[in-house]
Amino acid sequence: MGARTKARKRAVDILFEAEQRGLDPQVLVADRVIEPHTEAAVPQYTVDLVEGVAAHRERIDELLATYSQGWTVDRMPAVDRALLRIGTWELLYNDDVPDAVAVDEAVDLAGQLSTDDSPSFVNGLLGRLVDIKPTLLI
């Protein structure tokens, strides 16, 4: 597993934990930087992901709600929600990550961390956002 993949997984863990515990994800990631609770330090890219998702969460959730057919954001499995938020942030706000990589990473993590149906759901929704990305950046 590459360094960015590990950072993404760690970001999913932090976003999931923050949501489940009703905590601010930025406060939680800052706490994890100070006291990692694991042997490995929190990668900077994890911090970037969590802070980026938190800063743009309203817009990200609006897009997910608009383009996920038949699903509200609240009805999505919590892990899928975290993966989709990270993938959407990478697609729209991080020019360092190619769109295909953002989608592939989210789909791969969905396969590892979520339900059997999650990879195709994540792929379909992020793929739709890729298709309409030029209209979203206006």
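For the structure itself, consult the block above.
Here's a quick rundown of the structure. (Residues numbered from 1 in each chain as written. Predicted model: local features only at pLDDT ≥ 70, side-chain atom pairs only at ≥ 80, totals over all residues. Heavy atoms only, no water.)

## Some points on the pattern of salt bridges
Right, so step 1: Per the counting criterion, the structure on display carries twelve salt bridges.
Right, so step 2: The closest approach of N and O atoms between Arg32 and Glu17, which form a salt bridge, is 2.6 Å. Placement of Arg32 in helix 2 (residues 25-34) and of Glu17 in helix 1 (residues 3-21) is noted, with a sequence separation of 15 residues between them.
Right, so step 3: Take Arg32: its relative accessible area is 12%, and that puts it in the buried class.
Right, so step 4: Notably, a salt bridge pairs Arg85 with Glu19, separated by 3.4 Å at the nearest N-O pair. Highlighted residues: Arg85 in helix 4 (residues 78-93) and Glu19 in helix 1, separated in sequence by 66 residues.
Right, so step 5: Residues joined in a network through salt bridges with shared partners are Glu19, Arg57, Asp61, Arg81 and Arg85. (Salt bridge = Lys/Arg side-chain N within 4 Å of Asp/Glu carboxyl O. Helix = DSSP H or I, 4+ residues; strand = E, 2+ residues; numbered from the N terminus. Buried < 20%, exposed > 50% of the residue type's maximum accessible area, 1.4 Å probe, protein only.)

Purely geometric stuff here, so don't read any function into it on its own.
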